[in-house]
Amino acid sequence: MASISSISGSKIRVGILGASGYTGAELVRMLLRHPNVAITALTAERQAGKPMAEVFPHLGGYGLPDLVKIDDLKWDGVDFVFCALPHGTTQEVVSGLPSGLKVVDLSADFRLTDPVEYATWYGHEHRAVDLQKEVAYGLTEFNRQGVRKARVVANPGCYPTCSLLPLLPLLMDGLIEPGGIIIDAKSGVSGAGRDAKQANLFAEVSEGFNAYGVGHHRHMPEIEQELRLAAGRPVTVSFTPHLVPMNRGMMATIYVRMADGITADDLRATLAKRYADEPFVGVTPAGVVPATRHVRASNHCLMGVVADRTPRGAIIVSVIDNLVKGASGQAIQNMNVMLGLDETTGINQAPLFP
Ligand SMILES: NC(=O)C1=CN([C@@H]2O[C@H](COP(=O)(O)OP(=O)(O)OC[C@H]3O[C@@H](n4cnc5c(N)ncnc54)[C@H](OP(=O)(O)O)[C@@H]3O)[C@@H](O)[C@H]2O)C=CC1
Ligand SMILES: CC(=O)N[C@@H](CCC(=O)OP(=O)(O)O)C(=O)O
């Protein structure tokens, strides 16, 4: 049998932990068209031992390695790791990896910089406090330098990505007030992962939709952590996620109060200027708000701004694909930055419409 390095030539040999899950499969789908990458290892837990095509028939015929348990993985055949495991399992796994490996972690385990805050929201002590200090938060458009230098990158959550991209530039420029921000967000069901859960059964999800985590969702501290850095002072948000009957897609409808003398046109102009050179972030023209199908299966975030009738009120609508810019696409964007590749390599496909 040929060795891994001779199969992959000079390509970067990538391992995906959690490849039997939704974000793992999305990483595989996207990396198969990445010209600098060879997928050399895929792991699973309950599905270990199976060929990828048995778990995901749409990924058959690409010569992918079979799924193995993490403990059975041959690390000498891997240069770069994507970790797509449930939060709570990842701190121990990542801190046990060979020290030369670069990692993008898609879970929430390394996103909160304060281990005390982590313990408060995730219900257990942080298990890799020393490693946490060297992790970069990977909202790529706002931390390229940190991501470039980091060995471990914490990929942001899907709701934080969708909310932070419009809010950060406006807070940084003092165009909106840091108090009273309301984020009313909706996610497709793939956001909850592939694990069987009663709440995600067709009969529970279809023909209706529901709010969840009301008043206490764990993405709140992550959003506030990054908004605090942008505003230079504490920021609290009201954040309510909803589960809607679609497979993929996410929308955040955000209510903000503008600073004195600022108009919705000013907000739109500021966002358009901030993102003019960004390949993955766009702003819709006045009078147009984006829909989830405008970014489906792409690494794009699209946002629109409208004046509200309330005094100094504005409404921002931001959309992403939770599995792409909200997870696997942004993870590959971060890998590209960490490896000094063109940031758009392998992930610059247009959205799938309709
Ligand atoms: N889905 C989304 O839209 C987003 C997800 N994320 C985060 O990305 C991570 C992966 O999410 P997602 O792909 O949706 O999750 P899934 O539930 O679909 O997949 C989880 C994966 O982890 C494996 N796994 C589960 N438990 C263990 C364990 N104890 N040890 C080793 N492997 C294990 C599963 O293997 P098996 O099935 O074989 O047991 C599976 O491959 C999560 O942390 C999630 O919060 C982040 C942003 C968006
Ligand atoms: C629809 C749905 O259930 N979505 C998930 C968010 C997915 C995600 O980004 O979660 P992590 O922070 O674990 O990465 C949730 O609300 O928990």
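Residues numbered from 1 in each chain as written. Chains lettered and ligands numbered in written order. Predicted model: local features only at pLDDT ≥ 70, side-chain atom pairs only at ≥ 80, totals over all residues.

The name an unreviewed UniProt entry assigns to the protein is N-acetyl-gamma-glutamyl-phosphate reductase, from the organism Azospirillum picis. As stated in UniProt under Pathway (unreviewed entry), the record for the protein gives "Amino-acid biosynthesis; L-arginine biosynthesis; N(2)-acetyl-L-ornithine from L-glutamate: step 3/4." In its Catalytic activity (unreviewed entry) section, the UniProt entry covering the protein states "N-acetyl-L-glutamate 5-semialdehyde + phosphate + NADP(+) = N-acetyl-L-glutamyl 5-phosphate + NADPH + H(+)". (UniProt positions renumbered as here; feature names shortened; annotations may be inferred.)

Draft legend 1. Representation of the sheet that holds strand β5 (residues 102-105). Taken in spatial order, the seven strands make up an open sheet running β3-β2-β1-β4-β5-β7-β6, and their pairing is parallel. For this open sheet the edge positions go to β3 (67-68) and β6 (136-137), each flanked by a neighbour on one side alone. Here strand β1 (residues 12-17) pairs with strand β4 (residues 80-83) via four bridges, running parallel. For Ile16, the partnering residue across the bridge sits in β4 and is Phe82. Running over the sheet, helix α2 (residues 22-31) touches β1, β2 (37-43) and β4 and is turned about 160 degrees from β1. Relative to β5, helix α12 (residues 324-338) is tilted by about 155 degrees, and along the sheet it contacts β4, β5 and β7 (152-154). (Pairing = 2+ DSSP bridges. Helix = DSSP H or I, 4+ residues; strand = E, 2+ residues; numbered from the N terminus. Contact = placed C-beta atoms within 7 Å. Axes fitted to C-alpha atoms, helices over the stretch in contact; angles between N-to-C directions.)

Draft legend 2. Structural context of the site of ligand 2. The full set of residues close to ligand 2 is His87, Ser107, Ala108, Gly157, Cys158, Ser187, Gly191, Ala192, Pro241 and Leu243. Along the lines of polarity and charge, the residues of the shell around ligand 2 split into five nonpolar, five polar and no charged. No fewer than three residues from each of domain 1 (4-156 + 326-338) and domain 2 (159-322) sit in the shell around ligand 2. (Near = placed C-beta within 6 Å. Nonpolar A, V, L, I, M, F, W, Y, C, P; charged D, E, K, R; others polar. Domains from an automatic or database assignment.)

Draft legend 3. Summary view of the UniProt feature "active site" (unreviewed entry) in the protein. UniProt records the feature "active site" (unreviewed entry) for Cys158 in the present numbering. The buried category is assigned to Cys158, around which 28 C-beta atoms lie within 10 Å. (Buried ≥ 20, exposed ≤ 12 C-beta atoms within 10 Å, placed from the backbone.)

Draft legend 4. A look at the domain arrangement of the protein. Here the domain parsing of the protein yields domain 1 (4-156 + 326-338) and domain 2 (159-322). For domain 1 versus domain 2, the separation of C-alpha centres amounts to 25 Å. Each side of the interface is counted separately: domain 1 has 18 residues, and domain 2 has 21 residues. Within the residue set of the side of domain 1 that touches domain 2, elements represented by two or more residues are α5 (115-122) and α12. The greatest single-element share of the side of domain 1 that touches domain 2, amounting to five residues, is contributed by α12. Here the residues of the side of domain 1 that touches domain 2 sort into nine nonpolar, six polar and three charged.

Draft legend 5. Structural view of the pairing of strand β14 (residues 313-320). Here eight bridges tie strand β11 (residues 250-257) to β14, and the two strands are oriented antiparallel to one another. When the sheet's bridge partners are listed, Arg257 is paired in β14 with Gly313. Judged from the six bridges that link them, strand β13 (residues 301-307) and β14 form a sheet pairing that is antiparallel. Within the sheet, the bridge partner assigned to Val305 lies in β14 and is Ile316. The turn joining β13 and β14, which pair antiparallel and follow one another in sequence, is formed by five residues; a positive phi near 60 degrees is taken by Arg312.

Draft legend 6. Spotlight on the packing of helix α8 (residues 158-172) against α12. Interaxial distance between α8 and α12 falls to 8 Å at its minimum, and their mutual angle equals 95 degrees. Regarding the angle of α8 to α12, the classification is roughly perpendicular. Along its contact with α8, which presents Cys158, Thr161 and Cys162, the element α12 presents Lys325, Gly326, Ala327 and Gln330. The residue makeup of the contact of α8 with α12, split by class, is three nonpolar, three polar and one charged. (Parallel < 35°, antiparallel > 145°, perpendicular 65-115°, else oblique.)

Draft legend 7. Examining helix α10 (residues 219-231) more closely. Over its 13 residues, α10 runs 18 Å from end to end, which matches the ideal 18 Å to within 8%, given 1.5 Å per residue. By the burial criterion, the buried members of α10 are His219, Met220, Pro221, Glu222, Ile223, Glu226, Leu227 and Ala231. Against α5, α8 and β10 (237-243) lie the buried residues of α10. Taken from the residues just after α10, Gly232 is the one with a positive phi, measuring 75 degrees. (Expected span 1.5 Å × (residues − 1).)

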